[in-house]
Amino acid sequence: MKLFKTMLISTLIISQLLMASAVSAEQADASQSAAEQTTANPQNEAKTDMTEEQAERPGETPVTEEAPDTEQTADPQETAGNGSATVDPAEAQEEQDLLILKANSDKMIHNGTEYTALQPLTVKDGNSYVALRSLAERVGINVSFDNSTKETVLQSGGHEIRFKMDSATYTVDGVKKKAHGPAYSQHNIFMVPLTTITQALNIPLTFNAETKEIILNLYSAPSAEFIVKTQDIRAEQTRVEYEDRSSHPRGLAIVEERWEGKEEIFQEPGLHVITRWVRDENGVWSKPYSVTVYVRPAKQPPVARFVTNQDTYRMGELISIQDQSTDEEDSIVERKWENKERAFFTPGQKTIKLKVTDKYGLSSEYEKTITITEETLYTRDDFNKLYTPVGEKYTFNGGSVLELPKIQFKSTDWGKVLLRSNSPESVTTEGVVYDDTINGDMRFLIHHKNISNQNLKFYVIATNPYDFDVAFGIEHVGFAGPNEFESITGQKSLQRYFESLQKGGVRQTVNLAPGESKLILTDLSARAAKPGQVVSMMADLYSDAPVRYRVVAVDESKDVMASLPYLTLLDRDGVHIRGTYQGSNRTISIAETIGDQPARMMLADKTDDPFLVGRDFMNGMDSVNLGNYGVYYTIYLEKVAPNTLISFNPRGGLYSGVFMVNGELVPAPESGNLNNRDEASVLYRTGSREEKVTIVFSPASGSNLPVNLLFYPLPDKKD
């Protein structure tokens, strides 16, 4: 309140000396507004105080007094994110940059140097007016004129102030404020109320009654603010990052800085005070700004350790390994094993090693040597059948599969129309890769690789070709990519499709207006595929009337809707498949007992499991869905014998897919690929009783066909 009283008294004295009559109530209130309202320079707060007794003694200059500052200390558990200005007497500067205006005069004395204003300080309608450009020039801010709005514009420290001729309002950063009188032109010079412009620029003013001078303190200093971005700092280990938050209230450049206590890597634990000063282009230094951080003692590496249930094993005997590695923060992010096997099949000393690494990059190692005797418990083949975990792969003689009897079955096709967009699989240029009109429930299978020299986005566009509304929606979606690994991308999109099925899907319906086109399945177009990258998607859609679907590839920089009329139809590549096929749900039911003897079921081979036949509506030709990609298989095995192993074996080469077995997702395999016919992935084992088993399968894009389901009686378990 001292500041308020001082400025109020000063303003009244100024007005009395400039005018014969009392100043208006508006002008008398201006000093309070300047102290209390948010202005263009909120950091440059007035700090001029004087007592009422001092104000009543003409000729005495008010004393400028700094408010006490305090240093902020961080919570020892974390780094302080904010600092505080702390007074350093050695660096303290006199906060004065004085501009003196003389009553009814065009003289302006700035730090002892006299300048001539474009117009004298003038009283009009009870308000004191100053030439805006003259004052702005002394303050050091830019003035321009906006022809479109007919406003005079001031730019100050990132803020914008606008005045308009004959208007009693002005704006600060677009917010309208009331002036202490309308701006006007005096001899073609733009004049504004003195108290309004000092309020807008947050410039404190005082009055020297003895010399009859108005004194404006134009001093402004930069802020040295910064933050310590690193949250967990360890002595001798952590590289600390700092972020500059320095600024200047009037937008002046920061040209120099000085630090105390700043370290890139702190060597000692405990509290550390970091202090910074900055200097602006006018040579004014900031107050010191300090942040206190807590540096924790150096992090100790994790401890690697494991135990085995025995020290000696027979060949083919299951080795149980328990990882007992520890870390003080439980921050182990990597475990790297060497020679870790579920069993060994040659005798001798076997050394198992483990290396653990934490999030700080610290690591330790541990090893243990076990003994494998010359006695055999299980052969490798029998051991793999018994102990390979579900989802993991094992090796065997793939040629022996051809000797297994085939399980004969019949299938029923029904349900959704399949639209397969997979040719050209390798897209060399922009264009339409598939186009057809589908009615009702349908399934999309999209799999394309960008081999052009530009980043391409793939889109699906749904168009209502009729003059009435069409209800349209999306139910299940699985998408993956862009990614350079084709088989993994295909596996992930299928896995996410199955996950969507498990969740029940999201049946959201929207209306397509007559003739309207909309982008759908927008995950596909969320990111551009770079050259060499693949996108893959499987999705279920529905509509209550025919909808035209187009799959297109467009350069990422272009608007797809604007480009659509000019896109050419791309030819198929002659190897991969596109087309529209009826009945993409295939059901297989087997009532006979399975698993009481070795057997196999061949899928997607054209003979035992026929391919769907449809049409490529881009060229009007018949199309065979080679591999049955996009077909949703449900295999009901009514009687699976006790202790039966069900595994998956690709016959055409590399494969990476996923199944649902009795409602549970089973990757095939869990990691990597099945590389050839000599590898198989475990899908399921029955227990001690006969079971019903339901297997859901769809050929994974990017993988090779045909494939086999293998059924083996499990070997007897031994002690």
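Residues numbered from 1 in each chain as written. Predicted model: local features only at pLDDT ≥ 70, side-chain atom pairs only at ≥ 80, totals over all residues. Heavy atoms only, no water.

Asks: How do you make sense of the overall build of the chain when you look at a structure like this?
Replies: When you go through the chain residue by residue, the secondary structure sums to eight helices and 51 strands. Every one of the 719 residues in the chain was classed for burial, and the buried ones make up 50%. Excluding contacts between residues fewer than 6 apart, the proportion of contacts in the chain whose partners are at least 24 apart in sequence is 72%. With an accessible surface of roughly 33300 Å², the chain has 46% of that area assigned to carbon and sulfur atoms. (Helix = DSSP H or I, 4+ residues; strand = E, 2+ residues; numbered from the N terminus. Buried < 20%, exposed > 50% of the residue type's maximum accessible area, 1.4 Å probe, protein only. Contact = heavy atoms within 4.5 Å. Areas by Shrake-Rupley, 256 points an atom, 1.4 Å probe, with all protein chains shown as cover.)

Asks: Looking at this model, I keep getting lost on the environment of Met315. Mind explaining?
Replies: Residue position: Met315 is located in strand β23 (residues 312-315). Overall, the relative accessible area of 11% leaves Met315 in the buried class. Spatially, the C-alpha atom of Met315 lies 6.7 Å from that of Pro347, the residues being 32 residues apart in sequence. Residues in contact with Met315, not counting those within four places in the same chain, are Phe344, Phe345, Thr346, Pro347, Ile372, Thr373, Glu374, Glu375, Thr376, Leu377 and Tyr378.

Asks: Even after reading the chapter, I still don't get the sheet that holds strand β4 (residues 113-116), so can you show me in this structure?
Replies: Strand order in the open sheet formed by five strands is β4-β3-β2-β15-β14, with antiparallel pairing between adjacent strands. Pairing within the sheet leaves two strands with one partner each, and these edge strands are β4 and β14 (205-208). Taken over all neighbouring pairs, the strand axes of this sheet differ in orientation by 25° on average, direction set aside. Where strand β2 (residues 98-102) lies against strand β3 (residues 107-110), three bridges are found, and the strand directions are antiparallel. For Leu99, the partnering residue across the bridge sits in β3 and is His110. Where helix α4 (residues 132-139) meets the sheet, its contacts fall on β2, β3, β4 and β15 (213-217), and the angle it forms with β3 comes to roughly 10°. (Pairing = 2+ DSSP bridges. Axes fitted to C-alpha atoms, helices over the stretch in contact; angles between N-to-C directions.)

Asks: I tried to follow the environment of Leu445 on my own but got confused; where do I start?
Replies: The residue Leu445 is located in strand β33 (residues 442-450) in this model. In sequence terms Leu445 and Leu494 are 49 residues apart; their C-alpha atoms lie 9.9 Å from each other. Setting aside its immediate chain neighbours within four residues, Leu445 contacts Leu418, Leu419, Arg420, Ser421, Met537, Met538, Tyr629, Gly630 and Ser701.

Asks: Sorry, what's going on with unusual backbone geometry here?
Replies: Comment: phi is negative for the bulk of residues other than glycine, and the bulk of peptide bonds are trans. Here Gly481 and Pro482 are connected by a cis peptide whose omega angle stands at -5°. Inspection of the secondary structure assignment puts Pro482 in strand β35 (residues 470-483). With an omega of 5°, the peptide bond running from Leu705 to Pro706 counts as cis. By the secondary structure assignment, Pro706 is in the loop between β50 (691-697) and β51 (707-713). Despite not being glycine, Asp125 has its phi angle at roughly 50°, a positive value. Within the secondary structure layout, Asp125 lies in the loop between β5 (122-124) and β6 (127-131). With a phi close to 55°, Ala604 is a non-glycine residue in the positive phi region. Relative to the assigned elements, Ala604 resides in the loop between β42 (599-603) and β43 (613-616). According to the relative accessible area criterion, Ala604 is buried, its value standing at 3%.

Asks: Just checking my understanding: could you explain the packing of aromatic side chains for this structure?
Replies: For any pair of aromatic rings, the description consists of the separation of the ring centres together with the inter-plane angle of the planes. Counting across every chain of the model gives 23 aromatic pairs. With 4.9 Å between their ring centres and 65° between their planes, Phe648 and Phe659 make a pair best called edge-to-face. Here the residue Phe648 occupies a position in strand β46 (residues 644-650), and Phe659 occupies one in strand β47 (residues 657-661), the gap between them amounting to 11 residues. Of the two residues, Phe648 and Phe659, both sit in the buried class. By way of ring pairs, the aromatic residues Tyr633, Phe648, Tyr655, Phe659 and Phe697 are connected into one cluster. (Phe/Tyr/Trp six-rings, centres within 6.5 Å; stacked < 30°, edge-to-face > 60°.)

Asks: Mind showing me how you'd approach the nonpolar core here?
Replies: Across soluble globular proteins, nonpolar side chains show a tendency to be buried alongside one another. Of all hydrophobic cores here, the largest spans 45 residues; its most connected members are Met601, Leu603, Leu637, Phe648, Phe659, Leu683 and Leu709. Sorting elements by how many residues they give to this core places strand β45 (residues 632-640) first, with five residues. Apart from residues lying up to four places away in sequence, Leu637 is in contact with Ile590, Ile594, Met601, Glu691, Lys692, Val693, Ile695 and Phe711. Formed by 40 residues, the second largest nonpolar core is a distinct cluster that contains Tyr434, Val460, Ala539 and Met618. (Core = buried A, V, L, I, M, F, W, Y, C linked by side-chain atoms within 4.5 Å.)

Asks: Would you mind going over the pairing of strand β27 (residues 363-376) with me for this structure?
Replies: The side chains of a regular strand alternate, residue by residue, between the two faces of the sheet. Of the pairings in the sheet, the one linking β23 to β27 comprises three bridges and is parallel in character. The partner of Tyr313 across the bridge, within β27, is Ile372.

Asks: Quick question: what am I supposed to make of the sheet that holds strand β12 (residues 184-186) here?
Replies: Sheet strands associate in pairs through backbone hydrogen bonding, adopting either a parallel or an antiparallel arrangement. Here four strands make up an open sheet; going across it, the order is β5-β6-β13-β12 and the pairing antiparallel. The strands lining the two open edges of the sheet, one partner per strand, are β5 and β12. Strand after strand, the sheet turns through a mean of 45° between neighbouring axes, direction not considered. Bridging between β5 and β6 involves three bridges; their strand directions are antiparallel. The residue of β6 that forms the bridge with Thr122 is Tyr129. Against the sheet, α4 touches β6 and β13 (189-193), its axis set at about 65° to β6.

Asks: I tried to follow the pattern of salt bridges on my own but got confused; where do I start?
Replies: Side-chain pairing between opposite charges can occur once the charged atoms of the two side chains come close. For the structure shown, the criterion picks out 38 salt bridges. Residue Lys299 is joined to Asp327 by a salt bridge in which the shortest nitrogen-to-oxygen separation is 2.7 Å. You can see Lys299 sitting in the loop between β21 (289-296) and β22 (306-308) and its partner Asp327 sitting in the loop between β24 (321-323) and β25 (332-338), a full 28 residues away along the chain. On the basis of relative accessible area, Lys299 is assigned to the buried category, the value being 2%. (Salt bridge = Lys/Arg side-chain N within 4 Å of Asp/Glu carboxyl O.)

Asks: What should I look at first to understand a nonpolar patch on the surface in this one?
Replies: A surface patch of nonpolar side chains, amounting to about 250 Å² of accessible area, comprises Val613, Val624 and Leu626. Along the polypeptide, Leu626 turns up in the loop between β44 (621-624) and β45. (Patch = residues over 30% accessible without salt bridge, like charges linked within 9 Å, V, L, I, M, F, W, Y side chains within 5 Å.)

Asks: I would appreciate a short explanation of helix α5 (residues 194-201) in the present structure.
Replies: Think of an α-helix as 3.6 residues a turn; residues three or four steps apart then line up on the same face. When you tally the buried positions in α5, you get eight out of eight residues, the bulk of the element. Asn202 sits one or two residues past α5 and shows a positive phi near 60°.

Asks: Would you mind going over the side chain of Thr122 with me for this structure?
Replies: Within the secondary structure, Thr122 sits in strand β5. Residue Thr122 is classed as buried on the basis of its relative accessible area of 16%. Setting aside residues up to four positions removed in sequence, Thr122 forms contacts with Asn127, Ser128, Tyr129, Tyr184, Gln186 and Met191.

Asks: In this structure, what is going on with the environment of Leu418? I would like to understand it.
Replies: Checked against the element boundaries, Leu418 lands in strand β30 (residues 417-421). Along the chain, Leu418 and Gly579 lie 161 residues apart, while their C-alpha atoms are 8.1 Å from each other.

Asks: Explain helix α7 (residues 486-502) to me, please; I cannot follow it from the model alone.
Replies: Taking 1.5 Å per residue, 17 residues should reach 24 Å; α7 reaches 25 Å between its end C-alpha atoms and fits that length. Within α7, the full set of buried residues consists of Ser487, Thr489, Gly490, Gln491, Ser493, Leu494, Gln495, Tyr497, Phe498 and Ser500. The positive-phi residue at the C-terminal boundary of α7 is Gly504, with phi of around 90°. (Expected span 1.5 Å × (residues − 1).)

Honestly, that's just the spatial picture; any functional story needs more than this.
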